[in-house]
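The lines below spell out each chain.
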Amino acid sequence: MARIIVVTSGKGGVGKTTTSAAIATGLAIKGNKTVVIDFDVGLRNLDLIMGCERRVVYDFVNVINQEANLNQSLIKDKRVDNLYILPASQTRDKDALTKEGVGKVLEELSETFDYIICDSPAGIEMGAQMALYFADEAVVVTNPEVSSVRDSDRILGILASKSRRAEAGEEPVKEHLLLTRYAPSRVDRGDMLSVEDVQEILAVPLLGVIPESQAVLKASNSGAPVILDEQSDAGLAYQDAVERLLGNEVDYRFLTAQKKGIFKRIFGG
Amino acid sequence: MSQSALELKGSAFTLSVLKLSSLDIDAVASELGQKIAQVPHFFDRAPVVVDLELLQGEQIPFEQLKETLESLRLVAVGVTNADEEQRSAAKLAGLAVLTKPVSSKASKPKPAAQAAPPATSQPAPMPQEPARQETMVIRQPVRSGQQIYAKDSDLIVLGQVSNGAEVIADGNIHVYGTLRGRAIAGAKGDLDARIFCQNLQAELVSICGHYWLSDALQETHWQQAAAISLRDEKLTIDALN
């Protein structure tokens, strides 16, 4: 049975798709057969971040409507073995996702995959609820900023009340907090909420802290998940997060502001 | 303004529930008769609801049952947990069909309001306050956008109440995590309702419609353990330590 992990946030633009791509890639590198599904029907982005936009033939909605089978629509990643992408449809809207349809696709994927990563759309409407409904675990992506924290709290409430596990009265969805775009120097200045502040408000175990990094934008635009960039602190922080997701204990890095030395200035960081 | 001849409104009463496990009405009558003989005036003309949970699918002789209860000086008012057929049969016999009881513990006998208290020598259940239900206990955090309402009861939240969440109770509210959202106690007008919390950072606290916003709360006991009550129609905050 696959572990179904939803990457969600409530708020838009906090890094859900970047995180989905990075975590899926990281899990696959570790030898787990992984598929990442884009639930953002109508605003297809994941394929761009994964750099496979020119290879999309059939999509998630085609599979749900039984216009194509899974083998036809799954895109195999060219860089990493064991990694597959199931893209969203760009020409449809969220109503194309039905509980029965999504459930059937996830069930079929569960038979052959170790991990299913669901990249949720922003918001708390049908699309987002569909992405989290079948989840066993949830990675809640939050920026260290009050409105993002408030929206994450809202989505945590929905996870606890409207997921399949909640409705069936099973063990609740396992929650993880992933703090992204973290800038220790701004925290020191008091401009940004600290890790402790966010954790105190949300009361969810911390999966990782991804520092604000130029590498993320570069990775998005070049279509290579940032976790593959081993020179960047964001990439390394995602690698740590994947280790923690796999149950390994890793120390937290990049939580304090670093004084840039002369070499850092020259070679970047 | 013209005076209306009547006022029709809903109200909750505690009723005795007679849970039948046998169709043998004579056996029921003798067993029930013995029970009543122990506290005769306690059951005098007491209204009784017949619970059919254990007799699903059976044909109940409602007329006979009614007469039996009548002879024991009980007033059969209705049935509960009845299946489709039992419902129509009960209606034919002139009994009301009640929905399932709200609380499973609501089966304690309750004397009519003017009935004398039971003799002290006999161990009889104490008369209850009208319709206060079991305390509601919430074990998970109450998140933004969630609303919890403890109807006719106290509410205990073991975790936190987030900003944008709302906890409401007709009785008291206890929050053992941080209270950041809204807490509304005594929602039906209980002036003695209180709010207790381990860490007061609420957006709003209200008792019986008297409320304070977080601005007013900042001055005293902010981020501390506090008890909020109504004294002389004014909200009062006391430290809890």
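Rules behind the numbers
The residue count restarts for each chain, going from 1 along the sequence in the order it is written. Here the convention is simple: chains get letters from A, ligands get numbers from 1, in the order in which they are written. With pLDDT at 70 or above as the cut-off, local features in this predicted model cover only qualifying residues; side-chain atom pairs require 80 or more to be listed or tallied, and sums for whole chains, interfaces and linings still use all residues. Excluding hydrogens and water, the side-chain values take into account all heavy atoms of the structure. Secondary structure counts use DSSP, requiring at least four H or I residues in a row for a helix and at least two E residues in a row for a strand, with both numbered from the N terminus. Residue burial is assigned from relative accessible area. The probe radius is 1.4 Å, only protein chains are included, and a residue is buried under 20% of its type maximum, exposed over 50%, and partly exposed in between. Contacts were defined at the residue level, with two residues in contact if any of their heavy atoms lie within 4.5 Å. As a reference, a globule follows 2.2 Å times the number of residues to the power 0.38, and the radius of gyration itself is taken over C-alpha atoms. Per-residue and other accessible areas follow the Shrake-Rupley method at a 1.4 Å probe size, with only the shown protein chains counted as cover for residues. Note on pairing: two strands pair once DSSP finds at least 2 bridges between them. Every patch collects residues that have over 30% relative accessible area and no salt bridge, joining them within 9 Å if they carry like charges and within 5 Å if they are nonpolar side chains (Val, Leu, Ile, Met, Phe, Trp, Tyr). Whenever a carboxyl oxygen of Asp or Glu lies within 4 Å of a side-chain nitrogen of Lys or Arg, that contact is scored as a salt bridge. To estimate how far a helix should extend, the number of its residues minus one is multiplied by 1.5 Å. Under this scheme, a helix contributes an axis fitted over its contacting stretch, all axes are lines through C-alpha atoms, and angles between N-to-C directions fall in the 0 to 180 degree range. Crossing handedness: left-handed means the near helix sits turned counterclockwise from the far one by under a right angle, and right-handed means the same turn made clockwise. Amino acid classes used here: Ala, Val, Leu, Ile, Met, Phe, Trp, Tyr, Cys and Pro are nonpolar; Asp, Glu, Lys and Arg are charged; the rest, including Gly, are polar. By convention, the term buried area covers the 1.4 Å-probe accessible surface removed from two parts as they join, with the contributions of both added. UniProt positions are given in the numbering used here, feature names are shortened, and annotations may be inferred rather than shown by experiment. Each nonpolar core is a collection of buried residues, namely Ala, Val, Leu, Ile, Met, Phe, Trp, Tyr and Cys, held together in the definition by side-chain atoms within 4.5 Å.

A.B. asks: Give me the overall build of chain B: which residues, what numbers.
C.D. replies: Assigned secondary structure in chain B consists of 4 helices and 15 strands. The 241 residues of chain B split such that 43% are buried. Pairs at least 24 apart in sequence give 39% of the contacts found in chain B among residues at least 6 apart.

A.B. asks: Give me the lowdown on the overall build of chain A, citing residues and values where you can.
C.D. replies: In terms of helices and strands, chain A carries 13 helices and 8 strands. At 18 Å, chain A has a C-alpha radius of gyration in line with the 18 Å of a compact globule built from 269 residues. Counting only C-alpha atoms, chain A reaches 60 × 40 × 35 Å along its principal axes. If you take every contact in chain A between residues at least 6 apart in sequence, the share linking residues at least 24 apart comes to 73%. About 12400 Å² of surface is accessible on chain A, with carbon and sulfur atoms providing 47% of the total.

A.B. asks: Hey, could you go over the sheet that holds strand E1 (residues 16-19) of chain B for me, with residue numbers and the actual values?
C.D. replies: Reading across the sheet, the 4 strands line up as E1-E2-E3-E4 (chain B) and stay open at both edges, with parallel pairing between neighbours. A strand with exactly one partner marks an edge of an open sheet, and here the two such strands are E1 and strand E4 (96-97) of chain B.

A.B. asks: Please provide a residue-by-residue account of a nonpolar patch on the surface, values included.
C.D. replies: Residues and elements named next belong to chain B. Among the surface-exposed residues, Val 137, Leu 158 and Tyr 176 lie close enough to one another that they form a single nonpolar patch of about 260 Å² accessible area. Structurally, Leu 158 can be placed in the loop between strand E7 (155-157) and strand E8 (166-169). Leu 158 sits in the partly exposed class, given a relative accessible area of 39%.

A.B. asks: So what's going on with helix H1 (residues 16-29) of chain A? Residues and values would help.
C.D. replies: Residues and elements named next belong to chain A. Relative to the 20 Å expected for 14 residues at 1.5 Å per residue, H1 spans 20 Å between its end C-alpha atoms, a close match to the ideal helical length. With 13 of 14 residues buried, H1 lies mostly within the body of the structure. Among the residues trailing H1, Gly 31 stands out with phi positive, at a value near 95°.

A.B. asks: Residues and numbers for the packing of helix H7 (residues 146-162) of chain A against helix H10 (residues 195-202) of chain A, please.
C.D. replies: All names here are of chain A. Contact pair H7 / H10: the axes reach a minimum separation of 10 Å and the direction vectors enclose 35°. When the axes of H7 and H10 are compared, the crossing they make is right-handed. Two secondary-structure elements touch here, H7 through Val 149, Ser 152, Asp 153 and Leu 156 and H10 through Val 198, Ile 201 and Leu 202. In terms of residue class, the contact of H7 with H10 is made up of 5 nonpolar, 1 polar and 1 charged.

A.B. asks: Give a detailed account of helix H12 (residues 233-245) of chain A, specifying residues and quantitative values.
C.D. replies: Residue and element names in this part refer to chain A. Compared with the 18 Å implied by 1.5 Å per residue over 13 residues, the 18 Å span of H12 between its first and last C-alpha is a close match. Within H12, 11 of the 13 residues are buried, which leaves the element mostly enclosed by the surrounding structure. Turning to H12, its buried residues number three or more, namely Asp 233, Ala 234, Gly 235, Ala 237, Tyr 238, Asp 240, Ala 241, Val 242, Glu 243, Arg 244 and Leu 245. Where H12 is buried, its residues contact strand E1 (3-8), H1, strand E6 (137-142), strand E7 (174-182), strand E8 (206-211) and helix H11 (214-222). Gly 247 sits one or two positions beyond H12 and adopts a positive phi of about 95°.

A.B. asks: Describe the interface of chain A and chain B, and please don't skip the residues or the numbers.
C.D. replies: At the junction of the two partners, chain A supplies 12 residues and chain B supplies 9 residues. Roughly 880 Å² is buried in total at the junction of chain A and chain B, and carbon and sulfur atoms are behind 38% of that figure. On the chain A side of the interface with chain B, the three residues burying the most area are A:Arg150, A:Asp153 and A:Arg154, jointly 47% of the side's total. For the pair chain A and chain B, the interface holds 2 salt bridges. Of the charged contacts in the structure, one is a salt bridge between B:Arg180 and A:Glu200, with a shortest N-O distance of 3.1 Å. At the level of elements, H7 and H10 of chain A are the ones that each hand at least two residues to the side of chain A that touches chain B. Sort the elements by how many residues they give to the side of chain A that touches chain B and H7(A) lands first, with 6 residues.

A.B. asks: Describe the pattern of salt bridges, naming the residues involved and giving the relevant values.
C.D. replies: This structure, assessed with the given rule, holds 20 salt bridges over all chains. Several salt bridges share partner residues, and in doing so they unite B:Lys151, B:Asp152, B:Asp170 and B:Lys188 into one network.

A.B. asks: I'd like a rundown of the UniProt feature "domain: Septum formation inhibitor MinC C-terminal" (unreviewed entry) in chain B, residues and numbers included.
C.D. replies: The UniProt record annotates "domain: Septum formation inhibitor MinC C-terminal" (unreviewed entry) at residues 137-237 of chain B. A distance of 24 Å separates the end C-alpha atoms of residues 137-237 of chain B, which is 4% helix and 48% strand.

A.B. asks: Now, about the nonpolar core: what can you tell me, with residues and values included?
C.D. replies: Residue and element names in this part refer to chain A. In this structure, Val 35, Ile 37, Phe 60, Leu 86, Val 102, Leu 109 and Ile 116 are the most contacted members of the largest nonpolar core, which totals 52 residues. Ranked by residue count, the leading element in this core is H7, at 5 residues. Here Phe 60 is in contact with Ile 37, Asp 38, Phe 39, Leu 86, Pro 87, Ala 88, Leu 97, Val 102 and Val 105, once residues within four sequence places are set aside. Core analysis: the second largest hydrophobic core is formed by 36 residues, Ile 5, Val 14, Ile 23 and Val 36 among them.

A.B. asks: I'd like to hear about the environment of B:Leu69, residue by residue, with values.
C.D. replies: Residue and element names in this part refer to chain B. Within the secondary structure layout, Leu 69 lies in helix H2 (residues 62-71). By relative accessible area, which is 2% here, Leu 69 ends up buried. For the pair Leu 69 and Gly 57, spaced 12 residues apart in the sequence, the C-alpha separation amounts to 22 Å. Beyond its immediate sequence surroundings of up to four residues, Leu 69 is in contact with Leu 18, Leu 32, Val 50, Leu 74 and Ala 76.

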